[in-house]
Amino acid sequence: MRKHMEEFQLNVKTPIIMESIFILIAVVMYLITSNTFFIFNFLYIGSAISIGLFFMARNNRYARNIILLAVGSYLFFYVGILGHENLSMSGFWYYLFLGVFEAAVVHFLVAKILGPLLFGRGWCGYACWTAMVLDLLPYKTPQNPRKNWGYIRYVLFAGILCCVVSLFVLKLSNLDLIIYYLFIAGNLAYYIVGFILAYKLKDNRAFCKYVCPITVFLKISSYFSFLRVKVDEDLCVDCGKCRKSCPMDVDMLDNSRKRENATECILCLNCIHSCSKDALKL
Ligand code: SF4
Ligand code: SF4
Ligand code: SF4
């Protein structure tokens, strides 16, 4: 029997639902902080994603890359570089320890800690400024078996935390400026390492799989994600096209939450589009 429960389909209503969610977040954040920036911020991001989803629903193959570029470059260049907000992990720890409930902390809470309970690693598929560039490289699906290098992310996570704590312990002056330069230097390093790994391993998303420290948060929350790809076993003919199209090596043919690389799904929808039997749904 076909299993239609909990299905979510990308259709004409999806952009409206998405825009409504972001309007709600904008209003809630404004009520909490009284900062009008959050209204502009979440309306821009929500509109960029909603317009992109409108074109994704019409099978435009570049729509997701355009969303990534629109949201990622806004956050990186406008909020980060021009606005002097460190939206990376170092900024998150820094402002959290200062007790400043502003851009970096809000950003992490919405996109990387609480949001993934609803939309999994949608951040990685539609908003990350590192991935917006990595996804333009030639290796859209991995050309080699996955490596056992995931421990690197935990080492980096601990390293960044220690680095920020030591800034406070050392009582350095100009901490805001140091954190700003850390944002620029850290992201430059991410791009360089991301490029090298992508070309070395023939896998655009190698950096995401082995190095990115943000996945320490993302993997925990996205395990419980409401939105996830599911297969209708009655429709599936086991052709394997979906697995071959996945940039993150997810076994989407297993519906359990413990499926292989379950917390790696970035909701790119490649697998759903590659299935001619319409056996995969969100
Ligand atoms: S894993 Fe990290 S670098 Fe990759 S898309 Fe997600 S947040 Fe960005
Ligand atoms: S592409 Fe569709 S039919 Fe083929 S294995 Fe995947 S879900 Fe099954
Ligand atoms: S191809 Fe499917 S399972 Fe793989 S990351 Fe994209 S949406 Fe997730």
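Note that the structure is a prediction, hence the values are computed from the model and not measured.

Draft legend 1. The arrangement of the site of ligand 2 in detail. Taken together, Cys236, Val237, Asp238, Cys239, Gly240, Lys241, Cys242, Leu253, Cys275, Lys277, Ala279 and Leu280 make up all the residues around ligand 2. Grouping the constituent residues of the shell around ligand 2 by class yields eight nonpolar, one polar and three charged.

Draft legend 2. Representation of the packing of helix α4 (residues 89–98) against helix α5 (residues 103–113) in the model. In contact at an axis separation of 8 Å, α4 and α5 are set at 120° when each is read in the N-to-C sense. Comparing the axis directions of α4 and α5 gives the class oblique. For the element pair α4 and α5, the recorded crossing hand is left-handed. The segment α4 lies against α5, with Met89, Gly91, Phe92, Tyr95 and Leu96 engaging Ala104, Val105, Phe108 and Ile113. Residues belonging to the contact of α4 with α5 are distributed by class as follows: eight nonpolar, one polar and no charged.

Draft legend 3. Broad picture of the side chain of serine 225. On the secondary structure map, serine 225 appears in the loop between α12 (215–222) and β1 (230–231). At a separation of 3.5 Å, a polar atom in the side chain of serine 225 contacts the main-chain carbonyl oxygen of leucine 118.

Draft legend 4. Layout of the site of ligand 3. Within the structure, ligand 3 sits among Val229, Cys246, Pro247, Val250, Met252, Cys265, Ile266, Leu267, Cys268, Leu269, Asn270 and Cys271. Partitioning the shell around ligand 3 into residue classes produces 11 nonpolar, one polar and no charged.

Draft legend 5. Region of the structure containing the nonpolar core. The biggest cluster of nonpolar side chains holds 82 residues, and the ones touching the most others in it are Phe42, Leu75, Trp123 and Trp129. The contact partners of phenylalanine 42, leaving out residues within four places of it in the chain, are Phe22, Ile25, Ala26, Met29, Val106 and Val110.

Draft legend 6. Representation of the state of the cysteines within the structure. Counted under the stated rule, the structure contains zero disulfides. The cysteine cysteine 163 is free of any disulfide, with cysteine 162 supplying the nearest cysteine sulfur at 8.7 Å.

Draft legend 7. Just the domain arrangement of the protein chain, in detail. Taken domain by domain, the protein chain holds domain 1 (1–60), domain 2 (86–222) and domain 3 (229–282). Between domain 2 and domain 3, a total of about 1,200 Å² is buried, with carbon and sulfur atoms accounting for 48% of that surface. Of all residues in domain 2, Arg121, Tyr126 and Arg146 give up the largest surface area on contact with domain 3, accounting jointly for 38% of the area buried on that side. Inspection of the region where domain 2 meets domain 3 yields five salt bridges. The salt bridge partner of lysine 209 is aspartate 249, with a shortest N-O separation of 3.0 Å. For the pair domain 2 and domain 3, the number of links is 10 residue pairs in polar contact (both at pLDDT 80 or more). Among the elements of the structure, α7 (122–126), α11 (206–210) and α12 are those that each provide at least two residues to the side of domain 2 that touches domain 3. Looking at the side of domain 2 that touches domain 3, the element that brings in the most residues is α7, giving four residues. Classifying every residue of the side of domain 2 that touches domain 3 gives five nonpolar, four polar and seven charged.

Calculation notes
Residues numbered from 1 in each chain as written. Chains lettered and ligands numbered in written order. Predicted model: local features only at pLDDT ≥ 70, side-chain atom pairs only at ≥ 80, totals over all residues. Heavy atoms only, no water. Near = heavy atom within 4 Å. Nonpolar A, V, L, I, M, F, W, Y, C, P; charged D, E, K, R; others polar. Axes fitted to C-alpha atoms, helices over the stretch in contact; angles between N-to-C directions. Helix = DSSP H or I, 4+ residues; strand = E, 2+ residues; numbered from the N terminus. Parallel < 35°, antiparallel > 145°, perpendicular 65-115°, else oblique. Left-handed = near helix turned anticlockwise from the far one by under 90°. Contact = heavy atoms within 4.5 Å. Polar contact = N/O pair within 3.5 Å; in protein donor to acceptor, adjacent residues only side chain to side chain. Core = buried A, V, L, I, M, F, W, Y, C linked by side-chain atoms within 4.5 Å. Buried < 20%, exposed > 50% of the residue type's maximum accessible area, 1.4 Å probe, protein only. Disulfide = S-S within 2.5 Å. Domains from an automatic or database assignment. Buried area = accessible area lost by both parts, 1.4 Å probe. Salt bridge = Lys/Arg side-chain N within 4 Å of Asp/Glu carboxyl O.

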